[in-house]
Amino acid sequence: CRPLQSLQITYFAHVHIDKEGRFSALSNNPEFIEHYLSHKYYNCDIHMAEQAQLSSYILWDDMELTGESLKLHLDSFAFGIQHTFTIVEIDENGSNYYHFANNQTSRHINQIYLNNLDLLKLFIKEFNQMVKR
């Protein structure tokens, strides 16, 4: 994930939900993933949303969160995960969620995400090629 640091992105995770609803994830923050799984946040996260309700891009700072989703969001701060931006891609194998975040309190990162969508998509392409090896 080192190339993301030039964009001030310090967190990356890929979540895949296959056609049978099975969850798999990779992240550069294993402590957060352990916390996420132990609290069963996968039951309330965006990955459980109806596909028709999702857009291709999600700026989490603009989402109204309640209940367990809000608790997940607040817990993520303790692990240095703030201002998450998600790119959603759906293909014949299922749904892919590419989460980017940083560990700063300023929301200016949101503009960096939007200004660099092409670079984020290139990173995703390179990431997918590396994972397939």
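Residues numbered from 1 in each chain as written. Predicted model: local features only at pLDDT ≥ 70, side-chain atom pairs only at ≥ 80, totals over all residues. Heavy atoms only, no water.

Quick word on the pairing of strand 1 (residues 11-18)
Keep this limit in mind: Relative accessibility thresholds used throughout: buried, under 20% of the residue-type maximum; exposed, over 50%; partly exposed, between the two (1.4 Å probe, protein chains only). Numbering goes from the N terminus for both helices and strands, where a helix is a DSSP run of H or I of at least four residues and a strand is a run of E of at least two. The criterion for strand pairing is that DSSP finds at least two bridges linking the strands in question.
Most of strand 1 sits out of view: eight of its eight residues are buried. Neither face of strand 1 is open: one carries Y11, A13, V15 and I17, the other F12, H14, H16 and D18, and all of them are buried. Two elements, strand 1 and strand 5 (residues 94-102), share eight bridges in a ladder whose sense is antiparallel. Counterpart to D18 in the pairing with strand 5 is G94. Pairing between strand 1 and strand 2 (residues 23-27): five bridges, direction antiparallel. In the strand pairing of strand 2, I17 is matched with F23.

Describing the packing of aromatic side chains
The criterion, for reference: A pair of aromatic rings is counted whenever rings of Phe, Tyr or Trp (Trp by its six-membered ring) have centres within 6.5 Å, and the orientation is called stacked for planes under 30 degrees apart, edge-to-face for over 60 and tilted otherwise.
Within this structure, the stated rule accounts for 13 aromatic pairs. Members of the aromatic cluster, joined through ring pairs, are Y11, F23, F32, Y36, Y41 and F79.

Concerning helix 4 (residues 117-132)
The condition that has to hold: Multiply 1.5 Å by the residue count of a helix minus one, and that product is the helix's expected span. Throughout, the arc means that of the directions going from the helix axis to the C-beta atoms.
Compared with an ideal rise of 1.5 Å per residue, which puts 16 residues at 22 Å, helix 4 spans 23 Å between its outermost C-alpha atoms and is within 8% of the ideal. Of all the positions in helix 4, only L120, F123, I124 and F127 are classed as buried. Buried residues of helix 4, seen end-on, are gathered within an arc of 105 degrees and therefore sit on one face of the element. Pointing more than 90 degrees away from the buried face of helix 4 are the exposed residues D118, K125 and K132.

Just geometry here; none of it tells us what the structure is for.
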